[in-house]
Amino acid sequence: MAIGKGHHLHLIDGSGFIFRAFHALPPLTRKSDGLPVGAVSGFCNMLFKMLEGNTGHDAPTHLAVIFDHSSKTFRNDIYPQYKAQRPPMPEDLRPQMPLTREATRAFGLCCIEQEGWEADDLIATFACQARDAGARVTIISSDKDLMQLVGDGVEMMDGMKNVTIGPDEVHAKFGVAPNRVIDVQSLAGDSVDNVPGAPGIGIKTAALLINEYGDVETLLERASEIKQPKRRQTLIDNAEQVRISKRLVTLEKNVPVEVSIDAMEVQPLDPEVVLPFLADMEFRTMTTRVAAKLGAAAPTIAEPPPDTSTGAEPDMPAIDHSKYEIVRDAAALQTWIDRVYQRGYVAVDTETTGLDEMRADLVGVCLSVEAGEACYIPLSHVNGTGDLLGGAERCEGQMDFAQALEMLTPMLEDAAILKIMQNAKYDMKIFARLDVTVAPFDDTMLISYAQNAGLHGHGMDALAERYLDHKTIPIKTLIGTGKKQITFDLVKIEDAAPYAAEDADITLRLWTALKPNLVTSRTTNVYETMERPLVPVLAQMERHGVKVDRDHLSRMSNTFAQKMAGLEDEIHTLAGRKFNVGSPKQLGEILFDEMSLEGGKKGKTGAYGTGADILETLAAQGNDLPARVLDWRQLSKLKSTYTDALQEHIHPETGRVHTSYSIAGANTGRLASTDPNLQNIPVRTEEGRRIREAFIAEEGNVLVSLDYSQIELRILAHIAEIESLKQAFRDGHDIHAMTASEMFGVPLDEMTSDVRRQAKAINFGVIYGISAFGLANNLRIPREDAKAFIDRYFERFPGIRKYMDDIVAFAKEHKRVDTLFGRRIHTPEIGAAGPRAGFANRAAINAPIQGTAADIIRRAMIRVPAAMEAAKLPGRMLLQVHDELLFEVPKEAADDLIGTVRQVMENAHMPAVALDVPLIVEGGTGANWAEAH
DNA sequence: AGAGTCACG
DNA sequence: GACGTACGTGACTCTG
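Small disclaimer: the values here were computed from a predicted structure and weren't measured.

(A) Focus on the overall build of chain A. Scanning chain A from N- to C-terminus turns up 37 helices and 25 strands. Relative to its length of 933 residues, chain A is compact, with a C-alpha radius of gyration of 32 Å against a globular reference of 30 Å. Its C-alpha atoms give chain A principal-axis dimensions of roughly 85 × 80 × 60 Å. Counting all 933 residues of chain A, 50% fall into the buried class. The averaged location of the 131 negative side-chain charges in chain A is 4 Å from the averaged location of its 99 positive side-chain charges.

(B) Local environment of the protein's contact with DNA strand C. Not every one of the 37 residues close to DNA strand C is listed here, only the nearest: Ser583, Asp675, Asn677, Phe773 and Arg842. Atoms of DNA strand C within 4 Å of the protein belong to the sugar or the phosphate in 65% of instances, the rest to bases. Residue Ile203 places a main-chain N or O atom 3.1 Å away from a phosphate oxygen belonging to DNA strand C. Ser640 is positioned with one of its side-chain polar atoms (N or O) 3.4 Å from a sugar or linking oxygen of DNA strand C. In terms of residue count, helix H35 (residues 836-870) provides more of the surface near DNA strand C than any other element does, five residues in total. Looking at side-chain class alone, the surface near DNA strand C contains 11 nonpolar, 19 polar and seven charged residues.

(C) Spatial organisation of the environment of Leu615. Here Leu615 lies in helix H25 (residues 612-620). Counting along the chain gives 12 residues from Leu615 to Ala627, while the straight-line C-alpha distance between them is 7.0 Å.

(D) Geometry of the packing of helix H22 (residues 534-544) against H35. It is at 9 Å that the axes of H22 and H35 come closest, and there the two elements cross at 70°. Between H22 and H35, the angle falls in the class roughly perpendicular. Seen from H22, the contacting residues are Leu534, Val537, Leu538 and Met541; seen from H35, they are Arg858, Met861, Ile862 and Pro865. Looking at the contact of H22 with H35, its residues break down into seven nonpolar, no polar and one charged.

(E) Looking closely at the packing of helix H4 (residues 96-106) against helix H12 (residues 271-281). Two elements in contact, H4 and H12, have axes separated by 9 Å at closest approach and are oriented at 150°. Judged by the angle between their axes, H4 and H12 are roughly antiparallel. Counting all contacts with H4, which are made through Leu99, Glu102, Ala103 and Ala106, the residues of H12 involved are Val273, Val274, Phe277 and Met281. A per-class count over the contact of H4 with H12 returns seven nonpolar, no polar and one charged.

(F) Representation of the domain arrangement of chain A in the model. Along its sequence, chain A is carved into domain 1 (8-264), domain 2 (321-523) and domain 3 (547-684). For domain 1 versus domain 3, the distance between C-alpha centres works out to 42 Å.

(G) Seen up close, the packing of aromatic side chains. Tallied over the full model, the rule gives nine aromatic pairs. On the basis of an interplanar angle of 70° and a centroid distance of 6.3 Å, the ring pair of Tyr793 and Phe794 is categorised as edge-to-face. For the residue pair Tyr793 and Phe794, the accessibility class agrees, reading buried in each case. On the numbers, 4.9 Å between centres and 45° between planes, the contact of Tyr793 with Phe797 is tilted. Here the two residues Tyr793 and Phe797 agree in accessibility, since each one is buried. Cluster of aromatic residues (ring-pair linked, three or more members): Tyr793, Phe794 and Phe797. Taking NZ or CZ as reference, Arg339 lies 4.6 Å from the ring centre of Trp336, over its face.

(H) Representation of helix H28 (residues 711-719). Where burial is concerned, most of H28 is hidden: eight out of the nine residues are buried. Every buried residue of H28 is listed here: Ile711, Glu712, Leu713, Arg714, Ile715, Leu716, Ala717 and His718. Where the residues of H28 are buried, they touch strand S20 (701-708), helix H29 (723-730), helix H30 (735-744), helix H31 (753-767), helix H34 (798-814) and H35. Once H28 ends, the next one or two residues include Glu721, with phi positive near 55°.

(I) Broad picture of the side chain of His7. With respect to the element layout, His7 can be found in the segment before strand S1 (8-13). On the basis of relative accessibility, which here comes to 14%, the residue His7 falls in the buried class. If near-sequence neighbours (up to four positions away) are discounted, His7 is found in contact with Met1, Ala2, Thr61, His62, Ala135 and Arg136.

(J) The pattern of salt bridges, seen in detail. Taken as a whole, this structure holds 57 salt bridges when the rule is applied. Between Glu118 and Lys83 there is a salt bridge, and its shortest N-O distance comes to 3.0 Å. Of this pair, Glu118 sits in the loop between strand S3 (110-112) and helix H5 (119-132) while Lys83 is found in the loop between helix H3 (74-78) and H4, placing the two residues 35 residues apart along the sequence. Under the relative-accessibility criterion, Glu118 is labelled buried at 8%. A salt bridge links Lys726 to Asp916; the nearest nitrogen and oxygen atoms lie 2.9 Å apart. Of the two residues, Lys726 sits in helix H29 while Asp916 sits in the loop between helix H36 (894-906) and strand S25 (921-926), which places them 190 residues apart along the sequence. On the basis of relative accessibility, which here comes to 4%, the residue Lys726 falls in the buried class. A network of salt bridges, in which partner residues are shared, links Arg75, Lys83, Glu118 and Asp121.

(K) Geometry of unusual backbone geometry. Looking along the chain, the bond that leaves Asp675 and enters Pro676 is cis, with omega of -5°. Here Pro676 lies in the loop between strand S18 (672-674) and helix H27 (686-689). The peptide bond linking Met910 to Pro911 adopts the cis configuration, its omega dihedral lying at 0°. Among the secondary structure elements, Pro911 is positioned in the loop between H36 and S25. Positive phi, close to 60°, is recorded for Asp152, a residue that is not glycine. Among the structural elements, Asp152 can be located in the loop between strand S4 (136-140) and strand S5 (154-158). Phi at Lys872 takes a positive value of approximately 55°, unusual for a residue other than glycine.

(L) View of the protein's contact with DNA strand B. For DNA strand B, the set of nearby residues contains 21 residues, the closest of which are Thr610, Ala612, Lys637, Val683 and Arg684. Protein-proximal atoms of DNA strand B, defined as those within 4 Å of the protein, fall in sugar or phosphate at a share of 74%. A distance of 2.7 Å separates a phosphate oxygen of DNA strand B from a polar atom in the backbone of Arg684.

(M) Summary view of the sheet that holds S25. Pairing is antiparallel across the open sheet formed by four strands, whose spatial order is S23-S24-S20-S25. Every interior strand has two partners, whereas the edge strands, strand S23 (876-880) and S25, have only one. Strand-to-strand twist of the sheet, defined as the mean angle between neighbouring strand axes without regard to direction, takes the value 25°. Taken together, the six bridges between S20 and S25 define a ladder with antiparallel strand orientation. Along S25, the bridge assignment pairs Tyr708 with Val921.

(N) Representation of the environment of Val192 within the structure. Secondary-structure assignment places Val192 in the loop between helix H7 (181-188) and helix H8 (203-213). The spacing of Val192 and Tyr82 is 110 residues in sequence and 9.5 Å in space, taken between C-alpha atoms.

(O) Inspection of the side chain of His718 at higher detail. If you trace the backbone, His718 turns up in helix H28. Dropping the residues within four chain positions of it, His718 is found in contact with Lys726, Leu820, Ala914, Leu915, Asp916 and Val917.

(P) Broad picture of H36. Helix length check: H36, at 13 residues, gives a terminal C-alpha distance of 18 Å against a target of 18 Å (1.5 Å per residue), a fit within 8%. Where H36 is concerned, the buried positions are Ala894, Leu897, Ile898, Thr900, Val901, Val904, Met905 and Glu906. The elements touched by buried residues of H36 are S20, H35, strand S24 (884-890) and S25.

(Q) Molecular detail of the pairing of S4. For S4, a buried count of four out of five residues is recorded, marking the element as mostly surrounded by other parts of the structure. In terms of strand pairing, S1 meets S4 through five bridges, oriented parallel. Paired with Leu11 across the two strands is Ile139, which belongs to S4.

The rules behind these values
Residues numbered from 1 in each chain as written. Chains lettered and ligands numbered in written order. Predicted model: local features only at pLDDT ≥ 70, side-chain atom pairs only at ≥ 80, totals over all residues. Heavy atoms only, no water. Helix = DSSP H or I, 4+ residues; strand = E, 2+ residues; numbered from the N terminus. Rg over C-alpha atoms; globule rule 2.2 N^0.38 Å. Buried < 20%, exposed > 50% of the residue type's maximum accessible area, 1.4 Å probe, protein only. Lys, Arg positive; Asp, Glu negative; His and termini not counted. Charge placed at Lys NZ, Arg CZ, Asp CG, Glu CD. Near = heavy atom within 4 Å. Polar contact = N/O pair within 3.5 Å; in protein donor to acceptor, adjacent residues only side chain to side chain. Nonpolar A, V, L, I, M, F, W, Y, C, P; charged D, E, K, R; others polar. Axes fitted to C-alpha atoms, helices over the stretch in contact; angles between N-to-C directions. Parallel < 35°, antiparallel > 145°, perpendicular 65-115°, else oblique. Contact = heavy atoms within 4.5 Å. Domains from an automatic or database assignment. Phe/Tyr/Trp six-rings, centres within 6.5 Å; stacked < 30°, edge-to-face > 60°. Lys NZ or Arg CZ within 6 Å of the ring centre and 35° of its normal. Salt bridge = Lys/Arg side-chain N within 4 Å of Asp/Glu carboxyl O. Pairing = 2+ DSSP bridges. Expected span 1.5 Å × (residues − 1).

Here you go:
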């Protein structure tokens, strides 16, 4: 049938997609022979989603995948250097190119390439043909070279992110409409494709010129009218080069194509063709999914032989939910416990009524002793009667809760039985509330984190997909979402069991797969000394919580509310009308449209930026409205995030606030605090600091805060071996004043606070991977001045520059950096092209410093409980804030505690690492956190 | 759900 | 030579 109105043609940029998929997706290999297939897998997934119409867009009626042909094109005749400095194709990608073509055919789709033409030219040709025939066209690519085709029934879609690229997105990228993209590209050039353009002119300038002159030809003709002398000369000198560039970037829309677009009509998938292909690739999940969709039987995929080289990966059977057992009586449970004792280890997982370990109740327990062998022990399932007034009654077919616990406890506490959990802290806290102390244990989340931080997340779903090629049952299918969400105890036991037991099964499989790699990746020590032992320490801290004075918060809330109301009136008067002060969008319109203040649009969404820095600039120019909004925002933040939200977190029974620390959240080794985040309680402003007054000690107790002084700078001095910095720390000098003195030649006794402040900003900047732009922003000085500062700094401390170069080189070679204690932080983005390179370099510079500091405080925290016990100290460790520990202790023991814990903290690096600088810990005591800090 | 904003080290 | 930029987090609000 001829293509025409009502039809929708998808043109997939096959080469482009496969390149991006290769870099964006994990390096999957075929199990049986190690053939790299990650990009092919991503490609097939995308095709299938697209054919299903499962991309948020409607499904195509016609579809073709276009590839680059490896031969030269007419562009090389025009300009021999075109695409000449492309790096060679990665080894692991090469074999995937032909496989991708094969995949296309297996899906029954048109696979097109043509000698002498780039994929882009073919796409342009087909797109125009289809558009002229009245069909809609979607180009699946994010290649900027194709953006010139957008508009008039042609749109683009990013196949990885499923986002549409229309005229607006093109305008955001190039600053001009799609039909002028070519003109901008010819001026700006492209370093990746080696399109020369005009030297010194980038996209921004190019867009400016095109918007003024219309197109490249007109611009070149009228170049002499340009005011800026440099720009004018560049264009006159390089006119021919720009014209060549234009021919390079202009896509050919009249390629003598050998295939008709009518032939691209989508045919129903043929199970006889597509399934064998997927099975041959050993895409287990996708084979099953496609087979299910087609109503055909999935071909079996042979399991690969066990990997005998490491002895690590035994032959695991496929995950089969029907094989899991539901344990309903004591005899059945005893059988399982016996099996655990035969094994010596068991994967354990708990099901509860919620995610908050302090409030959730145990609903059931799962055990697994062998891949595929798992059971679910339901304990507190109830019948949902639909009666909201507590009409729930206990389900039949469950063991008595107390009896089950009594049978399980000896095993869970047995020193001879290893308990394997995913995110052990959660389950251990649930058990701890039932007076069960689970030990010893392993945690698959932390095993993954120790070896793979920076590479991917460490949640069970992510790990299962990556290492077991298995998609877990989403909990939502059982408990629903939103308002209709139910708690797990209301799920029918028969429905709950497969989900629950699967978690234990997967945990055990992950442990089998991941644990041996600790040894090969040299991270056993990190896991055993800095991850696993932290779990019980944090569990205790979280369970203990910190006392918070609700009335204090409540009073502050009221005060804030009144002040905000006053400010709101003022702001509305200044604006001349009412609007929502909390809406950045409305505020931007008031400031920049209605009041016409100076300030620009921001990138992607086209909204005005109204960040604090922008408002401060406006306020400094004497504008009252932005000044008031800044005040309002500060109060709004304090009220909503702290004085209001914190009250919600006070536990009804303990009267205290129980945060939760994620151990594997931050890539650098830092902890992260959630629900609530107690690591970002205000301190920098007077008004904010008063919130800390609400964190108090029990009667007769005080809060004690101990924090490392300048720990990251000390680590920098050590790692980069900066002798003068090290000496300054040994002598106990003011490090920022010392830096200032060295840099600006000001004697220490003549130091002004302003000079010191600048030196301090530079010191911090160095830790973050300094840039002139960043420092200029921070100090609000011209970029040239910032650059001069940095140059002088590197002159005075040449070791810093060397450290930065060395660490980036190390990261490029190993795709990771290490802390002094051997923690590995992977930097997969390092060496990436474009602006991401800058990010990756700075992250690589910062990670060993931030990570080493994180390691040190982890080591301290792990040692604190034993040290306190040895010193017979009462009191508790409550919170960690990256370089600070907060304790609650009886008044009379405060001084002893400071002495003991300071010892631990100042020597936490020993004996593993000897530092060339001393670590100094400062302590404070008070009735509340504001006083103690 | 994502962007914008802002709190901390 | 231009690009877009300080490092690491989490929570709240508005918006489509």
